[in-house]
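# Summary of the model geometry
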Amino acid sequence: AFDRAAEREQVQASVVAAILHVETGCGRNTGDEVILYRIARLAMANEPANREENVRRNATVNGVRDPELERQTRARGKYLEDLFYPEVLATFAVARRMNVQPLDLLGSGAGAFGFPQFLPTSFLKHGTDGNGDGAVSLFDYDDAASSAARYLAQHGWKPGISHAEKRKVIWYYNRSDAYIDTVLALADRLDAPPRAE
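Described in the following lines is the structure provided in the data block. (Residues numbered from 1 in each chain as written. Predicted model: local features only at pLDDT ≥ 70, side-chain atom pairs only at ≥ 80, totals over all residues. Heavy atoms only, no water.)

## Thoughts on the overall build of the chain
What counts here: Numbered from the N terminus, helices here are DSSP runs of H or I no shorter than four residues, and strands are runs of E no shorter than two. Relative accessibility thresholds used throughout: buried, under 20% of the residue-type maximum; exposed, over 50%; partly exposed, between the two (1.4 Å probe, protein chains only). Two residues form a contact once any of their heavy atoms are found within 4.5 Å. The Shrake-Rupley method, run with a 1.4 Å probe sphere, supplies the accessible areas, and residue values consider only the shown protein chains as cover. The charge count treats Lys and Arg as positive and Asp and Glu as negative. His and the chain ends do not count. Where a charge sits is defined by one atom per residue type, namely NZ (Lys), CZ (Arg), CG (Asp) or CD (Glu).
Helices and strands together make up the secondary structure of the chain, namely nine helices and four strands. Counting only C-alpha atoms, the chain reaches 65 × 40 × 30 Å along its principal axes. Here the chain, with 197 residues, has 39% of them falling under the buried criterion. Counted over contacts in the chain with a minimum sequence separation of 6, partners at least 24 positions apart contribute 60%. A total of about 11,100 Å² of accessible surface is found on the chain, and carbon and sulfur atoms cover 51% of it. Within the chain, the 27 negative side-chain charges are centred at a point lying 5 Å from the centre of the 24 positive side-chain charges.

Printed below as a string of structure tokens:
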């Protein structure tokens, strides 16, 4: 599955394998949270009652409202709404496409699902039918590997890119230096020749 995805998308197979391993242990731990609930909760951070509760909880110190903390809390609520409201809408589109009920989509506490842990908009943009059965399932190795490879390719992965460019592409997948370091180190180990016994 990794080799076919790598050939089709021109993405290093070991990097795709490393991502699926880091994300879910190659599908062994995809999460059991209802993703719609998790995503909707984040999308509602800017709803007036929620926003005011967050301001009260996060921006009030010893009974006095801190204007800078209030500004930051309100900005964070708006950011979460802008980021996750499209994910709520996409969850319904994903459920229709997968022919399941929206509340049956399970994944991580952050709202990502499948072996590559895609958010719903990523599924809609990058989901790929890797096994040719006419459907995309991120719980199928061929589809998951192809989808992750397409994601990387569409964010700039090309054969022969530098180490720095690889880091930049993987950053789009997960914006953590530790994550990027882990994926690239694991990919290097996968690409290394087997050790003699």
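## Overview of helix H3 (residues 35–43)
Here is the rule we go by: Note that the arc is defined by the directions from the helix axis to the C-beta atoms.
Residues Ile-35, Leu-36, Ile-39 and Ala-43 constitute the buried set of H3. What you see down the axis of H3 is that its buried residues fit within an arc of 95°, all on one side. Among the structural elements, strand E1 (33–34), helix H5 (67–98), strand E4 (106–107) and helix H6 (120–126) are those in contact with the buried residues of H3.

## Comments concerning the packing of aromatic side chains
The following threshold applies: Aromatic rings from Phe, Tyr and Trp, taking only the six-membered ring of Trp, are treated as a pair when their centres fall within 6.5 Å; an angle between ring planes under 30 degrees marks them as stacked, one over 60 as edge-to-face, and anything in between as tilted. Note on criteria: charge over ring means Lys NZ or Arg CZ within 6 Å of the ring centre, with the direction from the centre no more than 35 degrees off the ring normal.
On inspection of all chains with the given rule, the structure shows nine aromatic pairs. With a centroid separation of 6.4 Å and 35° between ring planes, the pair formed by Phe-113 and Phe-139 is classed as tilted. Linking Phe-113 in the loop between E4 and H6 with Phe-139 in the loop between H6 and helix H7 (141–154), this pair joins segments that are 26 residues apart in sequence. Taking 6.1 Å as the distance between ring centres and 80° as the angle between the ring planes, the aromatic pair formed by Phe-115 and Phe-139 counts as edge-to-face. Here Phe-139 lies in the loop between H6 and H7 and Phe-115 lies in the loop between E4 and H6, a separation of 24 residues in the sequence. The exposure class assigned to Phe-139 is partly exposed, which follows from its relative accessible area of 35%. In textbook terms, an aromatic cluster arises when at least three aromatic residues are bridged by ring pairs, as seen for Phe-113, Phe-115, Phe-123, Phe-139 and Tyr-141. Lying across the ring of Trp-171, Arg-175 places its NZ or CZ 4.3 Å from the centre.

## A word on the nonpolar core
Filter applied, for reference: What is meant by a nonpolar core is a set of buried Ala, Val, Leu, Ile, Met, Phe, Trp, Tyr and Cys residues, joined one to another through side-chain atoms within 4.5 Å.
Val-15, Val-16, Ile-19, Leu-152, Trp-157, Ile-170 and Tyr-173 are the most contacted members of the largest nonpolar core, which totals 39 residues. For this core, the elements supplying multiple residues, two or more each, are helix H2 (13–24), H3, H5, H7, helix H8 (163–173) and helix H9 (177–191). The biggest single contributor to this core is H7, with six residues. Setting aside residues up to four positions removed in sequence, Trp-157 forms contacts with Gln-10, Val-11, Gln-12, Val-15, Leu-152, Lys-166, Val-169 and Ile-170.

## Details of the environment of Ala-75
With respect to the helices and strands, the residue Ala-75 is situated in helix H5. The exposure class assigned to Ala-75 is partly exposed, which follows from its relative accessible area of 38%. Separated by 24 residues in the primary sequence, Ala-75 and Arg-51 have C-alpha atoms spaced 9.9 Å apart.

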